[in-house]
Amino acid sequence: MGLSLRRVLFVNFLVVVGIGINGVCGSIPSSTLRKIDRINKEGSYVGIIVPNSFEMNPLLQSPTFLPHHNLPYLDFSGRRFRIGRLGTEKVIIVMTGLSMLNAGIATQLLLNLFKVKGVLHYGIAGNANPQLQIGDVTIPRFWAHTGLWNWQRYGDGPEDELALESNGDYTREIGYLRFSDYNNGTNCNISSENLLNNVWYQPEEIFSVNEVPEQRQHAFWVPVNKHYFAIAERVEGLRLGGCVNGTCLPRPPMVVRVERGISSNTFVDNRAYREYLNSKFNATAIDMETAAVALVCHQQNMPFIAFRSLSDLAGGGSALSNEAGTFAALAAQNAVDVLIRFTSLLSS
């Protein structure tokens, strides 16, 4: 059986990073390769990436999703890639698991193994924008990873060069968080010193498939695909669920295209930091995976967009009691409804 260049390169990738398959380092079992070949011969797929089973199950249970009749899934490297159709689009669905690392690995595996023409990501998220409410589904135009920091030594300030900045490794262009601004004794923007000092936000170091290998670039705000974002405008009028067991939200949830979403390996349940992220970055959706998916797709030149439904106001402050526990399932279903509607528009 002839291997495509992409799969040959992927085998080489496995050798380099030392991933063992069935105890054999640097190889993919021939039975798995045959299944991958069968899947790819059926044409290009829309890749659907979802963080966890709680968010994935409503999609799998939707009558719109039909599993492949002969090969409904392929298990590989700890992931299950579900093969089927969502309406008229052929899709491959994969669950990432929690965190940026897992999201990045799952996305790269999807793109290396299968013939994918675009990536859709969905799930629930914390909300940093008090103008929106639980159940609203946000579609950000840009995503950033805000968990890559240069933590400045105590005594240095904004005018002092960061460690290794002169080498081009770090920058002060994006800005910083000064911990002393959030001391309990802060009044009129004057606060006592804090040994934690400042952390400076950093862009990701990326290596594009279209550029010279090992020639690094940097990316902080990663845009979603322009065509996908334009299509998403047609989803904004979609009617979404707003009640759970007789408990209803103050207004019907809506689909909103917003400017920015952010991700990091941090579950944000802190009002002060939520307000900082909103004022500093104009952020709405806050999660732990999307920026990793966006960065991998950006480096691989793969069309990408994400739909994140707001499950709570990060850090509290909402008039709704026990908001996340009450409305998380509704938020997950709303994200699935938006995904299904968007996919139907792709076909048209």
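In the annotation of an unreviewed UniProt entry, the protein is listed under the name Nucleoside phosphorylase domain-containing protein and assigned to Hibiscus trionum.

J.: Help me understand the overall build of the protein, please; the structure alone is not making it clear to me.
T.: In terms of regular secondary structure, the protein is built from 8 helices and 20 strands. Residue burial in the protein is summarised as follows: out of 348 residues, 50% are buried. If you take every contact in the protein between residues at least 6 apart in sequence, the share linking residues at least 24 apart comes to 75%. On the protein, roughly 16600 Å² of surface is accessible, and the fraction owed to carbon and sulfur atoms is 50%.

J.: So what exactly am I meant to see when it comes to the sheet that holds strand S12 (residues 198-201) here?
T.: Sheet strands pair by backbone hydrogen bonding; their relative direction is either parallel or antiparallel. Ordered in space as S10-S12-S11, the 3 strands form an open sheet in which the pairing is antiparallel. At either margin of the open sheet sits one strand with a lone partner, and together these are strand S10 (149-151) and strand S11 (176-178). Going across the sheet, the axis of each strand differs from the next one's by a mean of 20°, ignoring polarity.

J.: In this structure, what is going on with the environment of threonine 326? I would like to understand it.
T.: In this structure, threonine 326 sits in helix H8 (residues 323-347). A residue is classified by how much of its surface remains accessible, and threonine 326, at 25% relative accessible area, is partly exposed.

J.: Would you mind showing me how to read helix H7 (residues 290-299) here?
T.: Quick reminder: α-helices carry 3.6 residues per turn. Residues three or four places apart thus point the same way. In terms of burial, H7 is a largely internal element, 9 of the 10 residues being buried. Following H7 by one or two positions, asparagine 301 has its phi on the positive side, about 55°.

J.: Would you mind showing me how to read the pairing of strand S6 (residues 79-86) here?
T.: A regular strand places its side chains on the two faces of the sheet in alternate fashion. Relative to S6, strand S4 (residues 65-67) runs antiparallel, the two sharing 3 bridges. Paired with proline 67 across the bridge in S6 is glycine 84. The sheet contact formed by strand S5 (residues 73-76) and S6 spans 4 bridges and is antiparallel. Bridged to phenylalanine 76 within S6 is arginine 79. Remark: 2 residues form the turn of the hairpin made by S5 and S6, two consecutive strands paired antiparallel; serine 77 in that turn has positive phi of roughly 50°.

J.: Whenever I open this one, unusual backbone geometry confuses me. Can you help?
T.: Of all residues except glycine, most have a negative phi; of all peptide bonds, most are trans. The phi torsion at asparagine 197 lies on the positive side, around 55°, for a residue other than glycine. One non-glycine residue, glutamate 214, lies in positive phi territory at about 65°. Checked against the element boundaries, glutamate 214 lands in the loop between strand S13 (204-206) and strand S14 (217-219).

J.: When you look at the packing of helix H4 (residues 100-113) against H7 in this model, what are you seeing that I'm missing?
T.: To characterise two packed helices, one gives the angle between the axes of the helices and the distance between these axes. Between H4 and H7, the shortest axis-to-axis distance is 8 Å and the interhelical angle comes to 35°. Regarding H4 and H7, the two cross each other, and that crossing is right-handed. For the pair formed by H4 and H7, the contact residues are Met100, Ala103, Gly104, Thr107, Gln108 and Leu111 on the first element and Ala291, Ala292, Val293, Val296 and Cys297 on the second. Residue classes in the contact of H4 with H7 are distributed as 8 nonpolar, 3 polar and no charged.

J.: Please clarify how the pattern of salt bridges should be interpreted in this entry.
T.: Counted by the stated rule, this structure contains 15 salt bridges. Measuring nitrogen to oxygen at the nearest pair gives 2.6 Å for the salt bridge that ties aspartate 136 to arginine 251. Of this pair, aspartate 136 sits in the loop between strand S8 (116-127) and strand S9 (137-145) while arginine 251 sits in the loop between strand S17 (247-248) and strand S18 (255-263), placing them 115 residues apart in sequence. Note on aspartate 136: relative accessible area 0%, which makes it buried. Relative accessible area serves as the criterion here: at 25%, arginine 251 is assigned to the partly exposed category. One salt bridge connects aspartate 287 with arginine 308, and the closest N-O pair in it is separated by 2.9 Å. Taken together, the positions of aspartate 287 in strand S19 (residues 283-287) and arginine 308 in strand S20 (residues 304-313) put the pair 21 residues apart, joining distant regions of the chain.

J.: Sorry, what's going on with the side chain of threonine 290 here?
T.: Note that threonine 290 resides in helix H7. Sequence-distant contacts of threonine 290, that is, excluding residues within four places in its chain, are made with His121, Trp143, Ser263, Phe304, Ala306 and Arg308.

J.: Please clarify how the packing of aromatic side chains should be interpreted in this entry.
T.: Remark: the centre distance and the inter-plane angle together describe each pair of aromatic rings, the angle taken between the planes. Scanning the model with the defined rule gives 14 aromatic pairs in all. Ring centres 6.4 Å apart and planes at 20° place the aromatic pair tyrosine 201 and tyrosine 276 in the stacked group. With a gap of 75 residues between them, tyrosine 201 in strand S12 and tyrosine 276 in helix H6 (residues 271-281) connect regions that are remote in the sequence. Each member of the pair, tyrosine 201 as well as tyrosine 276, is classed as buried. Between tyrosine 201 and phenylalanine 281, the aromatic rings sit 5.1 Å apart at their centres with planes inclined by 90°, giving edge-to-face as the arrangement. Placement of the pair is tyrosine 201 in strand S12 and phenylalanine 281 in helix H6, with a sequence separation of 80 residues. As far as burial versus exposure is concerned, tyrosine 201 and phenylalanine 281 are alike and both buried. Members of the aromatic cluster, connected to one another through ring pairs, are Trp149, Trp151, Phe179, Tyr182, Tyr201, Phe220, Trp221, Tyr273, Tyr276 and Phe281. Just above the ring of phenylalanine 229 sits the side chain of arginine 257; from NZ or CZ to the centre is 4.6 Å.

Scoring rules and cut-offs
- The residue count restarts for each chain, going from 1 along the sequence in the order it is written.
- Local features in this predicted model are restricted to residues whose pLDDT is 70 or higher, and side-chain atom pairs enter the listing and the counts only when it is 80 or higher, whereas totals over whole chains, interfaces and linings include all residues.
- The side-chain numbers reported here are obtained from all heavy atoms of the structure, hydrogens and water having been left aside.
- Strands are runs of DSSP state E lasting at least two residues, helices are runs of H or I lasting at least four, and both sets are numbered from the N terminus onward.
- For every residue, the accessible area (1.4 Å probe, protein chains only) is compared with the maximum for its type, and the residue is labelled buried under 20%, exposed over 50%, or partly exposed between those bounds.
- Here, two residues are considered to be in contact whenever any of their heavy atoms come within 4.5 Å of each other.
- Exposure was quantified through the Shrake-Rupley algorithm and a 1.4 Å probe, taking into account, for residues, occlusion by the shown protein chains and nothing else.
- When DSSP finds two or more bridges between two strands, those strands count as paired.
- Angles run from 0 to 180 degrees between N-to-C directions of axes, and those axes are lines fitted to C-alpha atoms, restricted for helices to the stretch in contact.
- For a crossing to be left-handed, the near helix must be turned anticlockwise from the far one by less than a right angle; the clockwise case is right-handed.
- Residue polarity follows a fixed list, in which Ala, Val, Leu, Ile, Met, Phe, Trp, Tyr, Cys and Pro are nonpolar, Asp, Glu, Lys and Arg are charged, and the others, Gly among them, are polar.
- Put simply, a salt bridge is a Lys or Arg side-chain nitrogen that is within 4 Å of an Asp or Glu carboxyl oxygen.
- Pairing of aromatic side chains here covers Phe, Tyr and the six-membered ring of Trp, requires ring centres within 6.5 Å, and sorts the geometry by plane angle: under 30 degrees stacked, over 60 edge-to-face, intermediate tilted.
- Should the NZ of a Lys or the CZ of an Arg lie within 6 Å of a ring centre and within 35 degrees of the ring normal, that charge is described as sitting over the ring.

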